[in-house]
Amino acid sequence: MKKIHRGGGNPDGEPLSAGRVEYLEAARQRVHRRRLRRTVILLAVLTLVTLFATGAVGASIARVKDLVDTVHIALSPAVGWPQQTGLGELTAVQPMSGSFVAMDEDACVVYSLGGTRLAGIQSGYARPALAAGKTRFVLYNRSGNELRVESRTQNLYSKTLENSIYLCAMSDTGTLAVAADSADSTARLTVYTSTMSEQLHWDMTSAQGTPVRMAFAADSRRLAVAAVTSSAGQLQANLFVLNLAQGDPVQLSSGDSVPQWLGWLNNDTVLAVYEDCAVVYGADGGERGRFDLGGGSLVSVSQDGANAALLLENGQVCTAVLLDKDLNVQYSGNVPAANQILRRGQNFYLLTDSGVECFAADGVYQWGQTLSVRPQALIAGKQLLVLCGNTVQQIAPPEQTASSAR
């Protein structure tokens, strides 16, 4: 049997030429590179399969789309105000990052805060409603089973459910909550990821009720749900917090008063404003603070970080109340009759039937501006925008306006 030789010789023991050795070495390198490429490709395929299986690729694509929108808005030339929206009587206005969405009974539009029209939608829904986060919103049919998830510039997803939709909520990170009718329970609350894959669902019993208000925490890890039901012929309102990681609801309260407004002051505390009081709850249960409305009727609520502002009406008198995160009163005083309050920084603004009024946080009057058309909504970003009829225009303090004129 012949001995096997390795290295710079042939099987017969004769030395190989330098060219032959170089050729064989190059061949070995080519084989090594092919094996390495196959290994890299195999690892890449396995990685992609894992990412798709866990939803990481879809989530990354969703974040890229949001980033592209942000860059597009930032680089778009500031057209400026006023702008004609083409909308009639407004039914909803929601601020988003660098933009806002407004809706009437037939259509909705999205504008950047610089005045650029980013999108327009004719939904064709019988009873359209919307809920917005920072970078996207959901437009849905309250008397049907259709919804559309929209970015600030384009449609992302359209979905038809098996049952009628009661209510939707959109988080700042694109997580969507949908409460719908169900054949097997009082209502089914489904939470979808930013790529519209189902994250969890909650079949709500008759004792738990039907959702009437929902709000995500800023980090999108918890969802507050106010639901109503009937017990012994009496209306009963239940307030829950659903931890999306665990899927187990925690009941915060139960009573005969339905929250008129629901939101999060931070990731751990929920603010519910009822007909007669405002209450702050810990996300794991228990009251953290309470404010009695004192017989006033709630007109409007505004949140600014962990602080809140209430506009109350008692007969012919309106009262503005500024509250901290524990619902301690920072300011309370009579103000002109108004239909909306907006708290931002060191000021709060009132939207009246004839214009806009600005007050400092201590209640000192700053300025006012009368408008020719009844204002319908107020948005505070880098500038103050007011929506009147089918027009959006910028509002500025008188001294700022005079300075710009010069």
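Scoring rules and cut-offs
Residues numbered from 1 in each chain as written. Predicted model: local features only at pLDDT ≥ 70, side-chain atom pairs only at ≥ 80, totals over all residues. Heavy atoms only, no water. Helix = DSSP H or I, 4+ residues; strand = E, 2+ residues; numbered from the N terminus. Buried < 20%, exposed > 50% of the residue type's maximum accessible area, 1.4 Å probe, protein only. Contact = heavy atoms within 4.5 Å. Areas by Shrake-Rupley, 256 points an atom, 1.4 Å probe, with all protein chains shown as cover. Pairing = 2+ DSSP bridges. Patch = residues over 30% accessible without salt bridge, like charges linked within 9 Å, V, L, I, M, F, W, Y side chains within 5 Å. Salt bridge = Lys/Arg side-chain N within 4 Å of Asp/Glu carboxyl O. Lys, Arg positive; Asp, Glu negative; His and termini not counted. Charge placed at Lys NZ, Arg CZ, Asp CG, Glu CD. pLDDT = per-residue confidence, 0-100. Phe/Tyr/Trp six-rings, centres within 6.5 Å; stacked < 30°, edge-to-face > 60°. 1 Å grid on protein atoms, 1.4 Å probe; cavity = no way out; pocket = protein on both sides within 12 Å on 5 of 7 lines; lining within 4 Å. Points joined across faces, edges and corners; volume = space filled by probe spheres on them. Nonpolar A, V, L, I, M, F, W, Y, C, P; charged D, E, K, R; others polar. Core = buried A, V, L, I, M, F, W, Y, C linked by side-chain atoms within 4.5 Å. Axes fitted to C-alpha atoms, helices over the stretch in contact; angles between N-to-C directions. Polar contact = N/O pair within 3.5 Å; in protein donor to acceptor, adjacent residues only side chain to side chain.

Student: What am I meant to see in the overall build of the protein chain here?
Tutor: The helix and strand tally for the protein chain stands at three helices and 32 strands. Put simply, the protein chain has 406 residues, and 46% of those count as buried. Considering only contacts within the protein chain whose residues lie at least 6 apart along the sequence, 36% involve residues at least 24 apart. Here the protein chain has roughly 20700 Å² of accessible surface; of this, 49% comes from carbon and sulfur atoms.

Student: Is there a simple way to explain the pairing of strand β26 (residues 340-344) in this structure?
Tutor: Consecutive side chains of a regular strand alternate in pointing toward one face of the sheet and then the other. Burial runs high along β26: four of the five residues are buried. Across five bridges, the pairing between β26 and strand β27 (residues 347-351) is antiparallel. Considered in β27, the bridge of R343 is made with F348. Linking β26 back to β27 in an antiparallel pair, the connection comprises two residues, with G345 at a positive phi of about 60 degrees.

Student: Teacher, can you tell me more about a positive patch on the surface here?
Tutor: Taken together, the side chains of R30, R34, R35 and R38 present a region of like positive charge at the surface. With respect to the element layout, R35 can be found in helix α1 (residues 18-54).

Student: Looking at this model, I keep getting lost on the confidence of the model for the protein chain. Mind explaining?
Tutor: Detailed reading of predicted coordinates is not advised where the pLDDT is low. Across the protein chain, the average pLDDT comes to 88, with 83% of residues at 70 or higher. Throughout residues 1-8 the model reports pLDDT below 50, and contacts reaching past four residues in sequence, or to other chains, amount to seven contacts. Confidence drops under a pLDDT of 50 for residues 402-406, and excluding neighbours within four residues, the segment shows zero contacts in the predicted structure.

Student: Whenever I open this one, the packing of aromatic side chains confuses me. Can you help?
Tutor: Geometrically, a pair of aromatic rings is defined through the distance of the ring centres and the angle of the planes. Here the structure, examined in full by the defined rule, presents eight aromatic pairs. Each ring, one from F348 and one from F359, has its centre 5.2 Å from the other, and the planes form 10 degrees; the classification is stacked. Of this pair, F348 sits in strand β27 while F359 is found in strand β28 (residues 355-360), placing the two residues 11 residues apart along the sequence. Comparing F348 with F359, the two get one shared label, buried. Each member of the aromatic cluster is reached from another via a ring pair, and the members are Y331, F348, F359 and Y365.

Student: In this structure, what is going on with empty space enclosed by the protein? I would like to understand it.
Tutor: Vacant regions in the atomic arrangement are exposed by a probe of water-molecule size rolled over the atoms. Within this structure, the stated rule accounts for one cavity of 30 Å³ or more. In this structure, the largest cavity spans a volume of roughly 30 Å³. As for the largest cavity, its lining consists of R136, V149, Y157, M170, G174, L176, T193, S194 and M196. Its residues assigned to classes, the lining of the largest cavity comprises five nonpolar, three polar and one charged.

Student: Which parts of the structure should I look at to understand the nonpolar core?
Tutor: Note that soluble globular proteins tend to have their nonpolar side chains buried in a common cluster. L147, L176, L189, M214 and L223 are the most contacted members of the largest nonpolar core, which totals 33 residues. Contact partners of M214, with chain neighbours within four places excluded, come to L167, C168, A169, A177, A179, L189, L223, A224, V225 and L262. Counting residues in hydrophobic clusters, the runner-up holds 16 residues, among them A215, A217, A226 and Y274.

Student: Explain the pattern of salt bridges to me, please; I cannot follow it from the model alone.
Tutor: Between side chains of opposite charge, pairing is possible as soon as their charged atoms come close. One pass over the full model with this rule turns up seven salt bridges. The residue R222 makes a salt bridge to D268 at a minimum N-O spacing of 3.4 Å. In this pair, R222 sits in strand β15 (residues 222-231) while D268 sits in the loop between β18 (261-266) and β19 (269-273), placing the two residues 46 residues apart along the sequence. Taking relative accessible area as the criterion, R222 reaches 17% and is therefore assigned buried. By relative accessible area, which is 42% here, D268 ends up partly exposed. For D326, the salt bridge goes to K325, with nearest N and O atoms at 3.2 Å. Among the charged side chains, a network of salt bridges with common partners joins R222, D268 and D284.

Student: Any chance you could explain the sheet that holds strand β4 (residues 107-112) here in plain terms?
Tutor: Strand pairing in a sheet relies on backbone hydrogen bonds, with the paired strands running either antiparallel or parallel. Strand order in the open sheet made by the four strands is β2-β3-β4-β5, with antiparallel pairing throughout. Two strands bound the open sheet, and with one partner strand each, they are β2 (92-96) and β5 (117-122). Taken over all neighbouring pairs, the strand axes of this sheet differ in orientation by 10 degrees on average, direction set aside.

Student: Quick question: what am I supposed to make of the side chain of E150 here?
Tutor: Examined against the element boundaries, E150 turns out to sit in strand β8 (residues 146-151). For E150, the side chain forms a polar contact with the side chain of N155, separated by 2.9 Å. Excluding residues that lie within four positions of it along the chain, E150 makes contacts with I121, R136, F137, N155 and L156.

Student: It is not clear to me how the pairing of strand β23 (residues 307-314) should be interpreted in this structure. Could you clarify?
Tutor: The pairing of strand β22 (residues 297-304) with β23 spans seven bridges and is antiparallel. Residue pairing across strands places L298 opposite L312, the latter belonging to β23. With antiparallel pairing between neighbouring strands as the criterion, β22 and β23 make up a hairpin whose turn holds two residues, including G305 at a positive phi of roughly 65 degrees. Sheet topology places β23 next to strand β24 (residues 317-323); seven bridges connect them, and they run antiparallel. Note that in β24 the partner of N314 across the bridge is V317. Between β23 and β24, which follow one another and run antiparallel, lie two residues, and G315 among them has a positive phi close to 70 degrees.

Student: Is there a simple way to explain a negative patch on the surface in this structure?
Tutor: A contiguous patch of negative charge, built from D256, E275, D276 and D292, is present on the exposed surface. Turning to its location among the elements, D292 is positioned in strand β21 (residues 287-292).

Student: What is the right way to read the sheet that holds strand β20 (residues 277-282) from this model?
Tutor: With respect to topology, four strands assemble into an open sheet ordered β18-β19-β20-β21, the strand pairing being antiparallel. The sheet terminates laterally at β18 and β21, the two strands that pair on one side only. Adjacent strand axes in the sheet meet at a mean angle of 15 degrees when their direction is disregarded. Taken together, the five bridges between β18 and β19 define a ladder with antiparallel strand orientation. Bridged to G263 within β19 is L271.

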